[in-house]
Amino acid sequence: MEKTGKSRKRLRAAKELNRVVTEYYVECGRAKAEGKPVGWMPPMNGAIEIFYAMDIQPVFPENWSPICAAFGLAERNFEVAEGMGYSRDLCGYMRNIIGYVHGLMKEEGTPLGGLPEPDILLSPGGGCVPVIKIFQALERRFPNAKVYPADLPQVPTEEIRQHHVDYAIAEIHRLIDFLSQATGRKLDQDRLKEVVKLSDRSCELWDEIMTYRRRIPTPFSAAEIGIMFVMVTRQGTQTAVDFLTTVRDEVKEKSAQGLGVLEQEKIRLFWDNIPLWYNMGLFNHFEGMGGVVVAETYSSAWSLRLDVNRPIEALALKSLKSYPMVSCVSVDKRVEMVIKACKEYSIDGAILHRNKSCLPITLGQMDIKRALEAELGIPSIVIDADHMDSRNFSVEQFRTRVDAFMEMLLARKS
Amino acid sequence: MYFVGIDVGSLSTETVILDHAGAVVSYHISSTGANSRTAGEKSFAAALASGGIAQSEVNFTVATGYGRVSIPFADKTVTEITCHARGAVHLFPATQTIIDVGGQDSKVISVSQDGKVADFSMNDKCAAGTGRFLEVMARALEIGLDRMGPLSMRSTRDISISSMCTVFAESEVISLVARATPKEDILNAIHQSICNRLAPLMDAVGIRMEVTMTGGVAKNTGIVEKIREKVGGRINVPEEPQIVGALGAALIARDMSAHAQ
Ligand code: SF4
């Protein structure tokens, strides 16, 4: 096993994904060249649909970070950020993007053409502190960009009340006004409905794909989770719907034939927290011992349906719910979601990635560990790593822990 | 017919050879050095020589520890968690909890009635609370590892070392030395800090009697005493705690060979 590495994928659609990723970044660069407004925003909220509906190019710094990790650019970016005085203890997405915009972005020859400069910055007032700080740093780096200071109440999903929704609706209207003024473009209500419909369809397809993962043996493992690229960057487009349909068809066909990732599936695993973007090959590591990672924190991240008839309200609800679904969620809700997933996907053991780069998602893992054991008798193991910074990851430590865990699970089952 | 267990750890390498009845006929302990493959080969050769055994008489070999994958002549690799549990339960059959403090890992393992691993917890990536930490402290205090335990028992004053990190703790120790704090009190504090690092692992898994301690650090009577205070009961310490992983590996080799036939 190596410290960094790509995953071995088994779906034909994986090749298709490479094309979708390249096309997206080419589109971002072309938008800039053609004078189309480019807006940078955090992921997982209802602004993406507004951007697509108004034909403004959305760019996601948080998506660019995994790409940097996969291309081996992250260390260079970290060096730049750390050289500027940003501490190594900060979120890896933050250090990566700040390092990138002050370093590599100014050079030629970056993979996928790099990111185009923003004309608009959607600067969030919530989510998590690092994501707020990322955009504040971007405001300083791009002083000519028009800034939309977004705001959203930070409430656990189970405590969302009508007044929160009303406020979020008002915020969506404010965003639309801001974008109209900044770009001179108008929002066409029919176009918005269309986009919301496509967005809802992608959520539906996402859920359907996840449902096939429940089969024993599972036809889809975490090694293929890169498909979430379209949920982050392409929600509300036909591209997302087409791509997810291809994936769904393939997974459905495999299920019908009883084909699994492994011929002999012995152990079904759950992965908690963000994957190690620089080493997706880890997900294949378990396969040698008959283990397959069937579900992860992200499996339920897009289980949100949108009411096409009330598009603005649907986007307001999406903004309130989707980012908190993985990060700023209450510990109770996190525990509940993991328990639910472990039941639905017939999980034998859970791997809890204690992520040095993301404390919001790491919070509550001891509660998850206890609840899994107490309620379902499912054991779990904590491994120390970092979703962006390979310097915080030791292959040997990882292997010792997960191999022992697999031995224990296999002995329990025999 | 002989069965071999080799434990290639980050600091030391051990080989245990069992005969067909499961009795230890020979064992060998050496430091791992830079190359785990060479360390494994040398340790194996030395254990064979001291038992007067020819390599052709070896029936099955299991490798464990960090360097387990670099032992080309092993028939099978098994992780140290499984091996330590097997070895400890063999030596003390009533064992339900194992506390193993090795070179760069510390772990607490709970075993079920049938001797299988039921749960375990390991230290985070930091070396504080492991054998490596103890080595650094011994060097800072300029005393031998084997003298740390007995000397710490003479401590009369409780002081504390609060740093989480090995490097910080080392500078804390150096400044205590500079202030002429008696070495026995510093040692006592070092042992307490190792025990404090182990406490969350114990809590995560839960302590059930009997408790057996394995790994080189179990030779330090000062630390064993601190852990005894914490768990509030007797602690089994094998005569040679360092070879328990290799012993477990050899026992598994014997099982596997029987299975294969
Ligand atoms: S949720 Fe985690 S990974 Fe994402 S920006 Fe916040 S701290 Fe970083």
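Keep in mind that this is a model prediction, so the values were computed, not measured. (Residues numbered from 1 in each chain as written. Chains lettered and ligands numbered in written order. Predicted model: local features only at pLDDT ≥ 70, side-chain atom pairs only at ≥ 80, totals over all residues. Heavy atoms only, no water.)

Enquirer: Lay out the overall build of chain B with the relevant residues and their values.
Expert: Helix and strand counts for chain B stand at eight helices and 10 strands. Its C-alpha atoms give chain B a radius of gyration of 19 Å, within 12% of the compact-globule value 18 Å for 261 residues. Judged by the C-alpha coordinates and their principal axes, chain B covers about 65 × 40 × 30 Å. When each of the 261 residues of chain B is scored for burial, the buried share is 54%. About 10900 Å² of surface is accessible on chain B, with carbon and sulfur atoms providing 52% of the total. (Helix = DSSP H or I, 4+ residues; strand = E, 2+ residues; numbered from the N terminus. Rg over C-alpha atoms; globule rule 2.2 N^0.38 Å. Buried < 20%, exposed > 50% of the residue type's maximum accessible area, 1.4 Å probe, protein only. Areas by Shrake-Rupley, 256 points an atom, 1.4 Å probe, with all protein chains shown as cover.)

Enquirer: Any details on the domain arrangement of chain B? Residues and values, ideally.
Expert: Many analyses report the size of an interface as the accessible area lost when the parts associate. All names here are of chain B. Split into domains, chain B comes out as domain 1 (1-92 + 240-261) and domain 2 (94-237). Each of domain 1 and domain 2 has a C-alpha centre, and these two points are 25 Å apart. Residue lysine 219 is joined to glutamate 240 by a salt bridge in which the shortest nitrogen-to-oxygen separation is 3.4 Å. Scanning the region where domain 1 abuts domain 2 turns up eight residue pairs in polar contact (both at pLDDT 80 or more). The dominant element in the side of domain 1 that touches domain 2, judged by the number of residues it contributes, is helix α2 (residues 80-91), at seven residues. (Domains from an automatic or database assignment. Salt bridge = Lys/Arg side-chain N within 4 Å of Asp/Glu carboxyl O. Polar contact = N/O pair within 3.5 Å; in protein donor to acceptor, adjacent residues only side chain to side chain.)

Enquirer: Which residues make up the sheet that holds strand β2 (residues 12-18) of chain B, and what values do they have?
Expert: Residue and element names in this part refer to chain B. Strand order in the open sheet made by the five strands is β3-β2-β1-β4-β5, with mixed pairing throughout. With one partner strand each, in any of the chains shown, β3 (24-31) and β5 (76-77) form the two edges of the open sheet. Where β2 lies against β3, seven bridges are found, and the strand directions are antiparallel. Across the sheet, threonine 15 pairs through a bridge with histidine 28, a residue of β3. (Pairing = 2+ DSSP bridges.)

Enquirer: Requested: an account of the sheet that holds strand β1 (residues 38-40) of chain A, with residues and values cited.
Expert: All names here are of chain A. As summarised here, the arrangement of the four strands in space is β2-β1-β3-β4, forming an open sheet in which the pairing is parallel. Here the strands that pair on one side only, and so sit at the sheet edges, are β2 (57-59) and β4 (146-149). Averaged over neighbouring strand pairs, the angle between their axes works out to 25° when direction is ignored. Judged from the two bridges that link them, β1 and strand β3 (residues 120-123) form a sheet pairing that is parallel. Residue pairing across strands places tryptophan 40 opposite leucine 121, the latter belonging to β3. Set on the sheet, helix α1 (residues 13-33) makes contact with β1 and β2; between it and β2 the angle comes to about 125°. Its contacts with the sheet put helix α7 (residues 162-183) on β3 and β4, and the angle it makes with β4 is roughly 175°. (Axes fitted to C-alpha atoms, helices over the stretch in contact; angles between N-to-C directions. Contact = heavy atoms within 4.5 Å.)

Enquirer: Hey, could you go over the nonpolar core for me, with residue numbers and the actual values?
Expert: A:Trp40 and B:Phe120 are the most contacted members of the largest nonpolar core, which totals 162 residues. With 10 residues, the single largest contributor to this core is helix α8 (residues 189-213) of chain A. Two domains each put at least three residues into this core: domain 1 (1-92 + 240-261) and domain 2 (94-237) of chain B. (Core = buried A, V, L, I, M, F, W, Y, C linked by side-chain atoms within 4.5 Å.)

Enquirer: So, the interface of chain B and chain A: which residues are in play, and what are the values?
Expert: Each partner contributes residues to the interface: chain B has 20 residues there, and chain A has 19 residues. Buried surface at the junction of chain B and chain A, summed over both partners, amounts to about 1700 Å²; 51% is from carbon and sulfur atoms. Among the salt bridges present, the one from A:Asp403 reaches B:Arg68, with a minimum N-O distance of 3.1 Å. Counting across the chain B and chain A interface gives seven residue pairs in polar contact (both at pLDDT 80 or more). Among the elements of the structure, α2 and β8 (117-122) of chain B are those that each provide at least two residues to the side of chain B that touches chain A. A total of five residues in the side of chain B that touches chain A trace back to one element, the largest contributor, which is β8(B). (Buried area = accessible area lost by both parts, 1.4 Å probe.)

Enquirer: Please set out the packing of aromatic side chains residue by residue, giving values where relevant.
Expert: All names here are of chain A. All chains considered together, the criterion is met by 14 aromatic pairs over all chains. Taking the centre distance of 5.3 Å and the plane angle of 65° together, the rings of tryptophan 40 and phenylalanine 142 count as edge-to-face. Of this pair, tryptophan 40 sits in strand β1 while phenylalanine 142 sits in the loop between α6 (129-141) and β4, placing them 102 residues apart in sequence. As far as the burial class goes, tryptophan 40 and phenylalanine 142 line up, both buried. Taken together, the aromatic side chains of Tyr24, Tyr25, Trp64, Tyr100 and Phe229 make up a single cluster linked through ring pairs. Directly above the ring of phenylalanine 78 sits arginine 95, whose terminal nitrogen or CZ lies 4.5 Å from the centroid. A cation over a ring is seen here: arginine 214 above tyrosine 345, with NZ or CZ 5.4 Å from the ring centre. (Phe/Tyr/Trp six-rings, centres within 6.5 Å; stacked < 30°, edge-to-face > 60°. Lys NZ or Arg CZ within 6 Å of the ring centre and 35° of its normal.)

Enquirer: Account for the pairing of strand β6 (residues 291-296) of chain A, naming residues and giving values.
Expert: Residue and element names in this part refer to chain A. Burial runs high along β6: six of the six residues are buried. Pairing of strand β5 (residues 267-272) with β6, which is carried by five bridges, proceeds in the parallel orientation. The partner of phenylalanine 270 across the bridge, within β6, is alanine 295.

Enquirer: So what about the pattern of salt bridges? Which residues, and what values?
Expert: Close approach of charged atoms allows side chains with opposite charge to pair. All names here are of chain A. Counted by the stated rule, this structure contains 42 salt bridges over all chains. With its nearest N and O atoms 2.9 Å apart, the salt bridge here joins arginine 76 to glutamate 107. Here arginine 76, found in helix α4 (residues 74-83), pairs with glutamate 107, found in the loop between α5 (92-102) and β3; they are 31 residues apart in sequence, far enough to count as distant. Look at the salt bridges and you will find they share partners, linking Glu82, Arg95, Asp389 and Arg391 into a network.

Enquirer: For the site of the ligand, give the residues involved together with the corresponding values.
Expert: As a matter of local geometry, the ligand sits amid 11 residues, with A:Glu62, A:Cys91, A:Cys128, A:Cys358 and A:His387 nearest to it. Classifying every residue of the shell around the ligand gives eight nonpolar, two polar and one charged. (Near = heavy atom within 4 Å. Nonpolar A, V, L, I, M, F, W, Y, C, P; charged D, E, K, R; others polar.)

Enquirer: Outline helix α5 (residues 166-178) of chain B, supporting the account with residue identities and numerical values.
Expert: All names here are of chain B. The end-to-end C-alpha separation of α5 is 18 Å, in line with the 18 Å expected for 13 residues at 1.5 Å each. Its buried side turned inward, α5 meets α3 (131-141) and α6 (183-205). Directly beyond the C-terminal end of α5, a positive phi value near 60° is found at alanine 180. (Expected span 1.5 Å × (residues − 1).)

Enquirer: Can you lay out a negative patch on the surface for me, pointing to particular residues and giving the numbers?
Expert: A contiguous patch of negative charge, built from A:Glu158, A:Glu159, A:Asp332 and A:Asp367, is present on the exposed surface. The partly exposed category is assigned to A:Glu159, whose relative accessible area is 42%. (Patch = residues over 30% accessible without salt bridge, like charges linked within 9 Å, V, L, I, M, F, W, Y side chains within 5 Å. Lys, Arg positive; Asp, Glu negative; His and termini not counted. Charge placed at Lys NZ, Arg CZ, Asp CG, Glu CD.)

Enquirer: Can you explain the side chain of B:Ser12? Please cite residues and give values.
Expert: All names here are of chain B. As for its placement among the helices and strands, serine 12 is situated in strand β2. Here glutamate 14 takes part through its side chain, which lies 2.6 Å from a polar atom of the side chain of serine 12. Excluding its chain neighbours within four sequence positions, the residues that come into contact with serine 12 are Asp7, Ser30, Ser31, Thr32 and Gln242.

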